[in-house]
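# Geometric and topological summary
Okay, here's what each chain looks like letter by letter:
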Amino acid sequence: MSATNVVDRVRERSDIVEIIGQHVQLRKAAKNFKGLCPFHQEKTPSFTVYPDSQHFHCFGCGAGGDVFSFVMQVEHVDFREALRELAQRAGVELEQAPPPSPEVVERHARLFELNARAATFFTHVLWSTPNGEPGRELLERRGVDRATAERFQLGFAPDRWDALLTVLGKRGVAPEDLIEAGLATAREGGGGAYDRFRNRLIFPIHDREGRTVGFGGRALGDAQPKYLNSPQTAIFDKGANLYALDLAQEAIRRLREVVVVEGYMDAIAAHQFGFTNVVASMGTALTEEQVRLVRRSVDRIVLALDADAAGQMATVRGLDVMRGALAETDRIDVEPVGLVRFERTLKTDIRIVRLPSGKDPDELIRADADAWRSAVAEPVPLLDFYVDAVTGDTPPSDPREKSERVSRLVPLLREVADPVVREHYVKLVARRLDVDENLVRRARPASTTRRPRLTEPPQRARSSVSTEDHVIALLVTFPEVLKSIAATLP
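Calculation criteria
- Residues numbered from 1 in each chain as written.
- Predicted model: local features only at pLDDT ≥ 70, side-chain atom pairs only at ≥ 80, totals over all residues.
- Heavy atoms only, no water.
- Pairing = 2+ DSSP bridges.
- Helix = DSSP H or I, 4+ residues; strand = E, 2+ residues; numbered from the N terminus.
- Axes fitted to C-alpha atoms, helices over the stretch in contact; angles between N-to-C directions.
- Contact = heavy atoms within 4.5 Å.
- Disulfide = S-S within 2.5 Å.
- Buried < 20%, exposed > 50% of the residue type's maximum accessible area, 1.4 Å probe, protein only.

## Points about the sheet that holds strand E18 (residues 380–381)
Pairing within the open sheet is mixed, and its 5 strands lie in the order E13-E12-E14-E17-E18. Unpaired on one side and paired on the other, strand E13 (278–280) and E18 mark the two borders of the sheet. By the bridge criterion, 4 bridges tie strand E14 (residues 300–303) to strand E17 (residues 349–352) in an arrangement that is parallel. In the sheet register, Ile 301 faces E17, and the bridge partner there is Ile 350.

## Concerning the sheet that holds strand E11 (residues 227–229)
Adjacent strands of a sheet form backbone hydrogen bonds with each other and so pair up, either parallel or antiparallel. Spatial ordering of the open sheet is given by E6-E9-E10-E11, a layout of 4 strands whose pairing is antiparallel. Looking along the sheet, the strands with just one partner apiece sit at the ends: strand E6 (155–157) and E11. The average angle at which neighbouring strand axes cross in this sheet is 35 degrees, direction not considered. Note that strand E10 (residues 212–219) and E11 share 3 bridges and pair antiparallel. Pairing of Arg 218 across the sheet is with Tyr 227, part of E11. Sheet contacts for helix H11 (residues 264–272): strand E9 (200–206), E10 and E11; angle to E9, the most-contacted strand, approximately 75 degrees.

## Thoughts on the state of the cysteines
By definition, a disulfide links the sulfur atoms of two cysteines through a covalent bond. Applying the stated criterion to the full structure yields 0 disulfides. Its sulfur unpaired, Cys 58 is 3.6 Å from the next cysteine sulfur, which belongs to Cys 37. The cysteine Cys 61 is free of any disulfide, with Cys 58 supplying the nearest cysteine sulfur at 3.8 Å.

## Regarding the environment of Phe 203
By secondary structure assignment, the location of Phe 203 is in strand E9. Overall, Phe 203 belongs to the buried group, its relative accessible area being 0%. With 13 residues separating them along the chain, Phe 203 and Gly 216 place their C-alpha atoms 4.9 Å apart. Those residues in contact with Phe 203 that sit more than four places away from it in its chain are Leu 154, Gly 214, Phe 215, Gly 216, Arg 218, Tyr 227, Tyr 243, Tyr 264, Met 265 and Ile 268.

As structure tokens, then:
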């Protein structure tokens, strides 16, 4: 059975009234049902369920869609998870992905084992040998106590080309195995191999289950690169892991909030001072895979990257990634020209920590833990930060530059479901860039090409209500459209 047929079967066997009724107290209203919207606060019911078309729509916040959309929004899951849950309820069997072959399972287990043995070796060198003295001195200078270092299983790679190769080689590990694990590098021309990490403080990187999947190594002195990570292997992808997630996940679930810093030392300092819901993106802008690791456990993602220009740009780059990774549903949006299209809606609160100028998280936490606590407790809403970053301190004089900045902001503004909040930011952008508010409302995004969904085939919007109700819903949600309509009337 094709994926499309499975989706259709699950949809046909799912009664939207029954499923929504498990979350919302519904009452009959003619042939439809009404209740208080579960997606925003209201006292007068504006949430309507339409049994005939198996759709729902809220005339207050604009939320709407079919049974899949509702489950995705109310349970904070992606389409695949909603399909799995509804299929189970409906008694529709889904085809399971084939399990990995025994060879692949064995290969991965071997790589986990080699990384664990390497981590043990690096830890032994750091604490129990003269070769580890430079690493111990570095930790002392940076204020990392031994208990914290041991909790993160920090280690040190000796200043030798074959230290790890020699130790593990005596235990029957072939150089080819260490190359596959990313622990050694093949010499050019086929002349053997050498240790990848040498004379570096070592940060083992663990997955959510605590298995060692890779390493980061910090150079001493002015050696370059300052940080060296494991290459991509069968079990390690830097962009798909978050440093310290194994140690932070309990606090993340308890607090329903994750704080994302940039570097290893930032995360270590946070945990040492008791801020245990902190993870690190390991020096790169956030990826969708990293966001998906935490999104189901949190109500808020807080970015606390370095206060320098590079850190701020990394934050801006990460915002678009998060908007894509956190988007749960589509909603109908109307432009003044009458074009109807789907826009993705954010379902997780994203905030940005404004750090004091010149301070990165590690420095701020160690200098003034209370200042860090206050900064994280009062993060800036994503929209405020994004508007500040894009508009700049003073409006550009070049009209083309103004147009480009408005176009960059339009997609994010359109994702704001609350019309009052959206209007606030429309006016803010217009004031910051010294342009007319209506120009901001009518502006088109820099790219109007919508990225196809990976989990659901694109579909045309199907009418879920009468024409009159549909028009009223759109006008209530987008009152600015009335001005455009009025302008066309005689």
